[in-house]
Protein chains: 2
Amino acid sequence: MSPQERAAGPVDSTRSPHARLRTLAYRSVSLSGGFWAARQATNRQVSLPHGYRMLEEWGNFDNLRLAAGLIQGKQFRGYVFQDSDVYKWLEAVAYELANRPDAELQAMADEAIALVEAAQAPDGNLDSHYQVAEPSGRWVHLDYGHELYCAGHLFQAAVAWRRATGDTRLLRVAERLAGHIDSLFGPGKRAATPGHPEVEMALVELYRETLEPRYLALAHFFVDQRGHGLLGKSRYGSLEYFQDHVPVRQASTVVGHAVRQLYLTAGVADLYLETGEEALLAALERQWHDMVERKLALTGGVGARHEGEAFGEPYELPNDACYCETCAAIASILWNWRMLLATGQARFADLMERTLYNGFLSGVGLDGRHFYYVNPLLSRGGIERPEWYACACCPPNVMRLLASFGHYLATSDASGVQLHHYAPATIDADGLALRMETEYPWQGLVRITVERATGAPRRLALRVPGWCDQAALRVNGQAVAADPTAAGYAAIERAWQPGDTVELELPMAPRLVEAHPRVDATRGSLAIERGPLVYCLEQADQDPAVDVMDVEIDPTRPLDARWRGDLLGGVMAIEAPGYALDLRPWQGRLYRPLGGAEPGRRAVRLVAVPYYAWANRGPGAMRVWVPAAR
Amino acid sequence: MSPQERAAGPVDSTRSPHARLRTLAYRSVSLSGGFWAARQATNRQVSLPHGYRMLEEWGNFDNLRLAAGLIQGKQFRGYVFQDSDVYKWLEAVAYELANRPDAELQAMADEAIALVEAAQAPDGNLDSHYQVAEPSGRWVHLDYGHELYCAGHLFQAAVAWRRATGDTRLLRVAERLAGHIDSLFGPGKRAATPGHPEVEMALVELYRETLEPRYLALAHFFVDQRGHGLLGKSRYGSLEYFQDHVPVRQASTVVGHAVRQLYLTAGVADLYLETGEEALLAALERQWHDMVERKLALTGGVGARHEGEAFGEPYELPNDACYCETCAAIASILWNWRMLLATGQARFADLMERTLYNGFLSGVGLDGRHFYYVNPLLSRGGIERPEWYACACCPPNVMRLLASFGHYLATSDASGVQLHHYAPATIDADGLALRMETEYPWQGLVRITVERATGAPRRLALRVPGWCDQAALRVNGQAVAADPTAAGYAAIERAWQPGDTVELELPMAPRLVEAHPRVDATRGSLAIERGPLVYCLEQADQDPAVDVMDVEIDPTRPLDARWRGDLLGGVMAIEAPGYALDLRPWQGRLYRPLGGAEPGRRAVRLVAVPYYAWANRGPGAMRVWVPAAR
């Protein structure tokens, strides 16, 4: 296999000995329209050029110019991790260039790469904050210093760039820095673990790309060093913030800073894919259950607390005060992808889907140039997406995930091909060329047409989302029972012929969902879902006389889905019978003895829109969970 | 009037031109037993000596010794506001010495006062952090520097000490520092306002004690300077944190750091009492309604957010993640007392009562040597009161409020005497000597016996708490209708004779209360109250097979109050019919489509205890709000 052929997007598990599923060569998947292709187009046409301008405006490029000695007389600007925004943006451009050539993006990236090259110190060190603003702090502050974090993002960008373009400029920079880091840390050298995980998954990927075992060993080392108190207490007074309170193999919960926690679990999953150490996977499984059963917002968002951007206690899931950072949603997607590769189990793809369509996608406005860092499930109004953030971790993180979306559609294994997510696309894997057609997430029909096949029996597995309990499968128009052993996937093994079709029908009736009785903030309330989408009520869609904060939904009457091409770029809206409350009996009171006058109720039709599309029409109120009329 | 006769506890409104109510000379009120006297005894016998030891152990006294040059070779320890703990403790000792002489406390305080005197610089400056650790930072950091905050606490301690003992040592120190501050700040001098309000109410009290108009003018100046952005953005990125976003007279909401906000409103109320400026009172009224109708926990606690120790949005009132700092409860009490003095309106005393018996008193363990900084309304377990805090603002704040409790019982005006709170006590005011007998808060009967009277007609007003809608009043055993003009007070005007009795009967049936429909965290839930007490369910009191997190209360069946002398130092416990839930249908799920199997329900008797007494039997789970069975 030529290097170009194994170009594999963010993760290349093709040679990972403990991967149940192999990632595909990135160019073997091509989106051909639909929901995600439209978002990719906005990402390419608007977000990536916008990011380039923002990186100039907020000083990121100047920081590198200062480090390179190309300019003088300016101060370093921004956070210690300012370089990482450049690397994430470069990684996003790489994926986009793999999707299709773009001279303008290529030129912007070439300029940025030249700056990165020029900024690197002769010893391989590269971190503009420490080069320009704080030379004496170099490698001193492993807790909050973010040098290994920035290095990790460089490594990921470098691998992506190499895979997308074949150009090794950035990879050479990355390897010089990796060598420098390897000269400092490791067995017999300095014991340390990064305050913000990221370098673990990046080092494993750098190993996968270069086959240099030192990188894998270093990732292993950083994972092993965690949980022994090397980082000390965080600013919030705990070791949990850094996930440094317990050795990685003994962890059973997700705690502390949510992005740190989930970049760590993603890195540990990468390590498992290479080493197969069962204790790692067992810990990840325990942590996954803790997150999914006790600490997850309906949108897939994680991080219940603003303070420390952190996971809360079990069932501490406020709608208004939750953090649900966009980067944490992305981190969850990255982790779940690696769990899926390790196990082949659909529940990980299910959670990816919930997060992709909801808590992740809400992080970017429909226009592609406004972003959310925090993604609450209830807003009383006044929250708008800004163009950029002083701490701008999220926007370029959104860009790299959108640009690499195709990577996550499908995998292969010895038996055949697995389709995990649904979008119009062509997929060329394992001797099969497939065309996927669908109006997902608006309609539940997915049609696969075999365009080329070797004639050998191959197993085609299509994920049946956890939200769907009535999937129907047809091959060449005939209903078939799917292989019952493939839990979560409808699988058919067959000697495929060109022209064969497989249709998966996933009925998308809107549904009401409820939350665990221990969750305070959702008690007595219901949310609307349809297909993979979580819905919300925005003030903008309601009768002007109705305050969206003072409504109830009627759980006994049917929901009505309607395509609204005029709305929010085209969405399936859902109308729900409900009531507007007249709260005059509560005027001037916050508490009262039981038995007071009940609020008046007036029947209304509530209009719900997909959560991802909220806050694109001004800073009105919004809620996902709606009290149920009794 | 001799200075000793106007000795007036924390506030002396006797000459405040705009006070509707006059505070009493502190020694004219003497607690003679009951609920609060027992807490005062623990405060005197345990908490104050414990505080003295902690101030030694945590370096507070050493900081002053370093500033005084009495010791060398040590570093300053603790926060920039470390001195304030000493001052609050001294203020508490002062009130306690006014209650009764105590040679041991007197000796401890004398030692501390000598240190304070010795630490003061020749120019009057006094702040051990800036004297010892950061001389170059003196008066530089008005935002987070806390020098005016520390000065304020010194002034309050000095006034209290002078009023309690007649000794002017501390007052001389305070006046030298006040003079120093006055030389720096004011019209034509430096424009500034303190990052943490406190000095405003302290300067007004210093003025009341000394009649030096410069102190009142300086308080006025600091209030006027606020709201013009002098402080800049806080660490949380907002001006609201410091209440510096809007001029004081234009404020309409309570926002930002809760203690800062309420120390400010307390100081503004003090300013109003002296100046009568209606714009100040109007702003305070708006802010009060915002707090009471939208941002108040049932316990009287305030501050919905850990991040920034801050008020949340309207109706953002989580049970688990709320902050409800003990100091914020105290600040609310201090503010409401001043609003009561300004207006004579019972609603302010009502809120004081709610806060005193619940959100304040939970801040100290029954043993008097363990403290809470944060007072949630729901704990899943694992939270215990520590002996002290690195940031120890709350423990000595509790001590000074408990020691001065008698100050808040009664006031007088031209017409007579007002009784605001109920406790066994003797009260000598306005020519009337009264003996109050009651088992409040356990029983609702309050009996006042006139022990001495001048024979002139005087009006005696007894607050009828807002929670009571069936109060009965008897004079010398005969039912009387109370004066209907005195909203919130049952008032009788009469030429009182020794031996006359007034009985106020406040029926104390336990009651269920509900919260405003906009509050997410309490939806579908009820809380138990009886008299002024908010109740909670602690795991320790339930059937061991019942998890207090998985219960419901039956709102259709009566609550049953029972005296339990064996429990928590003697409490009225409340038994409530309810259900224990069997959540097996939710096993492994956090969300599910509506219509799944309902949890099993088993009838149980729930046992509730007063909220103030929680967490005295280990770190078990606790909840105030209990889901209502449907």
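Residues numbered from 1 in each chain as written. Chains lettered and ligands numbered in written order. Predicted model: local features only at pLDDT ≥ 70, side-chain atom pairs only at ≥ 80, totals over all residues. Heavy atoms only, no water.

### So, the overall build of chain A
Consideration 1: Scanning chain A from terminus to terminus reveals 14 helices and 23 strands.
Consideration 2: Relative to its length of 630 residues, chain A is compact, with a C-alpha radius of gyration of 25 Å against a globular reference of 25 Å.
Consideration 3: With the principal axes as the frame, chain A shows a C-alpha extent of 75 × 65 × 50 Å.
Consideration 4: Taking as baseline every contact in chain A between residues at least 6 positions apart, the subset at least 24 positions apart corresponds to 69%.
Consideration 5: Accessible area for chain A stands at about 20400 Å²; split by element, carbon and sulfur atoms hold 50% of it.
Consideration 6: Positive and negative side-chain charges in chain A, numbering 63 and 75 respectively, have mean positions lying 2 Å apart. (Helix = DSSP H or I, 4+ residues; strand = E, 2+ residues; numbered from the N terminus. Rg over C-alpha atoms; globule rule 2.2 N^0.38 Å. Contact = heavy atoms within 4.5 Å. Areas by Shrake-Rupley, 256 points an atom, 1.4 Å probe, with all protein chains shown as cover. Lys, Arg positive; Asp, Glu negative; His and termini not counted. Charge placed at Lys NZ, Arg CZ, Asp CG, Glu CD.)

### Looking at the nonpolar core
Consideration 1: Among the nonpolar cores identified, the biggest contains 227 residues, and B:Phe155 and B:Phe360 are the most heavily contacted of them.
Consideration 2: Broken down by element, the residue count for this core peaks at 13 residues, all from helix α12 (residues 326-343) of chain B.
Consideration 3: A domain-level breakdown of this core finds at least three residues from each of domain 1 (411-505) and domain 2 (520-627) of chain B.
Consideration 4: Sequence-distant contacts of B:Phe360, that is, excluding residues within four places in its chain, are made with B:Trp36, B:Thr326, B:Ala329, B:Ile330, B:Ile333, B:Thr355, B:Val398, B:Leu401 and B:Leu402.
Consideration 5: Ranked by size, the runner-up nonpolar core spans 226 residues in total, among them A:Ala258, A:Trp388, A:Ile427 and A:Ala608. (Core = buried A, V, L, I, M, F, W, Y, C linked by side-chain atoms within 4.5 Å. Buried < 20%, exposed > 50% of the residue type's maximum accessible area, 1.4 Å probe, protein only. Domains from an automatic or database assignment.)

### What about the domain arrangement of chain A?
Residues and elements named next belong to chain A.
Consideration 1: Each assigned domain of chain A is listed here: domain 1 (411-505) and domain 2 (520-627).
Consideration 2: Carbon and sulfur atoms supply 69% of the area that domain 1 and domain 2 bury against each other, a total of about 620 Å² over both sides.
Consideration 3: The interface formed by domain 1 and domain 2 includes zero salt bridges.
Consideration 4: Here domain 1 and domain 2 share one residue pair in polar contact (both at pLDDT 80 or more) between them.
Consideration 5: Of the residues in the side of domain 1 that touches domain 2, the class split is four nonpolar, one polar and no charged. (Buried area = accessible area lost by both parts, 1.4 Å probe. Salt bridge = Lys/Arg side-chain N within 4 Å of Asp/Glu carboxyl O. Polar contact = N/O pair within 3.5 Å; in protein donor to acceptor, adjacent residues only side chain to side chain. Nonpolar A, V, L, I, M, F, W, Y, C, P; charged D, E, K, R; others polar.)

### Some thoughts on the sheet that holds strand β4 (residues 410-413) of chain A
All names here are of chain A.
Consideration 1: Within the open sheet, the five strands sit side by side as β1-β4-β5-β9-β12. Their pairing is mixed. Every interior strand has two partners, whereas the edge strands, β1 (22-23) and β12 (489-495), have only one.
Consideration 2: The sheet contact formed by strand β9 (residues 457-463) and β12 spans seven bridges and is antiparallel. Bridge pairing links Ala-461 to Ala-491 in β12.
Consideration 3: Docked against the sheet, helix α12 (residues 326-343) engages β1, β4 and β12, running at close to 25° with respect to β4.
Consideration 4: Sheet contacts for helix α13 (residues 346-360): β9 and β12; angle to β9, the most-contacted strand, approximately 45°. (Pairing = 2+ DSSP bridges. Axes fitted to C-alpha atoms, helices over the stretch in contact; angles between N-to-C directions.)

### Quick word on the packing of aromatic side chains
Consideration 1: Using the criterion set out here, one finds 61 aromatic pairs over all chains in the structure.
Consideration 2: Where A:Tyr611 meets A:Trp614, the ring centres are 6.4 Å apart and the plane angle is 25°; that geometry is what we call stacked. When sorted by exposure, A:Tyr611 lands in the same class as A:Trp614, which is buried.
Consideration 3: The interplanar angle of 40° and the centroid separation of 6.0 Å between the aromatic rings of B:Tyr144 and B:Tyr241 together place this pair among those described as tilted. Taken together, the residues B:Tyr144 in the loop between α5 (128-133) and α6 (147-165) and B:Tyr241 in the loop between α9 (213-225) and α10 (258-275) connect sequence positions 97 residues apart. (Phe/Tyr/Trp six-rings, centres within 6.5 Å; stacked < 30°, edge-to-face > 60°.)

### What to know about unusual backbone geometry
Residue and element names in this part refer to chain A.
Consideration 1: Here Tyr-440 and Pro-441 are connected by a cis peptide whose omega angle stands at 5°.
Consideration 2: Inspection of the secondary structure puts Pro-441 in the loop between β7 (432-438) and β8 (445-452).
Consideration 3: One non-glycine residue with positive phi stands out, namely Tyr-315, at about 70°.
Consideration 4: The residue Tyr-315 is located in the loop between α11 (278-294) and α12 in this model.
Consideration 5: By relative accessible area, which is 11% here, Tyr-315 ends up buried.

### Here's the deal with the pairing of strand β10 (residues 472-475) of chain B
Residue and element names in this part refer to chain B.
Consideration 1: Judged by which residues are buried, β10 turns out to be one-sided: Leu-473 and Val-475 face inward and are buried, whereas Ala-472 and Arg-474, on the alternate face, are not.
Consideration 2: Judged from the four bridges that link them, β10 and strand β13 (residues 501-505) form a sheet pairing that is antiparallel. Counterpart to Ala-472 in the pairing with β13 is Glu-505.

### Examining the side chain of B:Glu353
Consideration 1: Relative to the assigned elements, B:Glu353 resides in helix α13 (residues 346-360).
Consideration 2: The contacts of B:Glu353, once residues within four sequence positions are left out, are B:Asn358, B:His421, B:Tyr440, B:Arg463, B:Pro465, B:Trp467 and B:Pro532.

### With respect to the interface of chain A and chain B
Consideration 1: Opposite the 51 residues of chain A that make contact, chain B presents 51 residues.
Consideration 2: For the pairing of chain A and chain B, the buried interface totals around 4400 Å² over both sides, and the portion due to carbon and sulfur atoms is 55%.
Consideration 3: Contact with chain B buries surface across chain A, with A:Glu514, A:Leu590 and A:Tyr591 losing the most and accounting together for 18% of the total.
Consideration 4: For the side of chain A that touches chain B, the secondary-structure elements that each account for two or more residues are α11, β14 (511-515), β15 (525-530) and β20 (591-593) of chain A.
Consideration 5: Grouping the constituent residues of the side of chain A that touches chain B by class yields 27 nonpolar, six polar and 18 charged.

### Quick look at the sheet that holds strand β7 (residues 432-438) of chain B
All names here are of chain B.
Consideration 1: Taken in spatial order, the seven strands of this open sheet run β2-β6-β7-β8-β13-β10-β11, and their pairing is antiparallel. The outermost strands of the open sheet, each flanked by one partner alone, are β2 (29-31) and β11 (478-479).
Consideration 2: Note: β7 against strand β8 (residues 445-452), six bridges, orientation antiparallel. Residue pairing for β8: Glu-437 is matched across the bridge by Arg-447.

### Focus: the relation of the copies chain A and chain B
Consideration 1: Expressed as a screw operation, the relation of chain A to chain B combines 0.0 Å of axial shift with a rotation of 180°, fitting to an RMSD of 0.0 Å. What we have between these two chains is a two-fold relation.
Consideration 2: Here 100% of the interface residues in chain A have copies in chain B that are interface residues too; the copies meet face to matching face. (Least-squares fit on C-alpha atoms with pLDDT ≥ 70 in both.)

### Quick look at the side chain of B:Glu293
Consideration 1: Structurally, B:Glu293 is set in helix α11 (residues 278-294).
Consideration 2: In this structure B:Glu293 is buried but unpaired, with B:Arg294 as the nearest side chain of opposite charge at 4.1 Å.
Consideration 3: Looking at B:Glu293, its side chain comes within polar contact range of the side chain of B:His289, at 2.7 Å.
Consideration 4: Not counting the four nearest positions on each side in its chain, B:Glu293 is found in contact with A:Gly588, A:Arg589, A:Leu590 and B:Tyr315.

### What about helix α14 (residues 394-403) of chain A?
All names here are of chain A.
Consideration 1: Of all ten residues making up α14, ten are buried, and the element is well covered by its neighbours.
Consideration 2: Among the residues making up α14, those that are buried are Cys-394, Pro-395, Pro-396, Asn-397, Val-398, Met-399, Arg-400, Leu-401, Leu-402 and Ala-403.
Consideration 3: In this structure, the buried side of α14 is in contact with α1 (34-57), α3 (82-99), α6 (147-165), α10 (258-275), α12 and α13.

### Concerning the packing of α3(A) against α6(A)
For any two helices packed against each other, the geometry is given by the interaxial angle and the distance between the axes.
All names here are of chain A.
Consideration 1: Between α3 and α6, the shortest axis-to-axis distance is 8 Å and the interhelical angle comes to 15°. One element, α3, and the other, α6, form an angle in the roughly parallel class. Seen along the crossing, α3 lies across α6 with a hand that is left-handed. Of the residues in α6, those touching α3 at Asp-83, Ser-84, Tyr-87, Lys-88, Leu-90, Glu-91, Val-93, Ala-94, Tyr-95, Leu-97 and Ala-98 are Tyr-149, Cys-150, His-153, Leu-154, Gln-156, Ala-157, Ala-160, Trp-161 and Ala-164.
Consideration 2: Within the contact of α3 with α6, the residues separate by chemical class into 14 nonpolar, three polar and three charged. (Parallel < 35°, antiparallel > 145°, perpendicular 65-115°, else oblique. Left-handed = near helix turned anticlockwise from the far one by under 90°.)

### As for the pattern of salt bridges
Consideration 1: Enumeration according to the criterion identifies 102 salt bridges over all chains in this entry.
Consideration 2: One salt bridge in this structure joins A:Glu212 and A:Arg214, with 3.3 Å as the shortest N-O distance.
Consideration 3: Judged by relative accessible area, which is 38%, A:Arg214 ranks as partly exposed.
Consideration 4: Residue B:Glu91 pairs with B:Arg400 through a salt bridge whose shortest N-O separation is 2.8 Å. Of this pair, B:Glu91 sits in helix α3 (residues 82-99) while B:Arg400 sits in helix α14 (residues 394-403), and the two are 309 residues apart along the sequence.
Consideration 5: Look at B:Arg400 and you get buried, because its relative accessible area is 4%.
Consideration 6: Ionic contacts of the salt-bridge type, sharing partners, join the residues A:Arg162, A:Arg163, A:Glu205, A:Arg208, A:Glu209, A:Asp270, A:Glu274 and A:Arg338 into one network.

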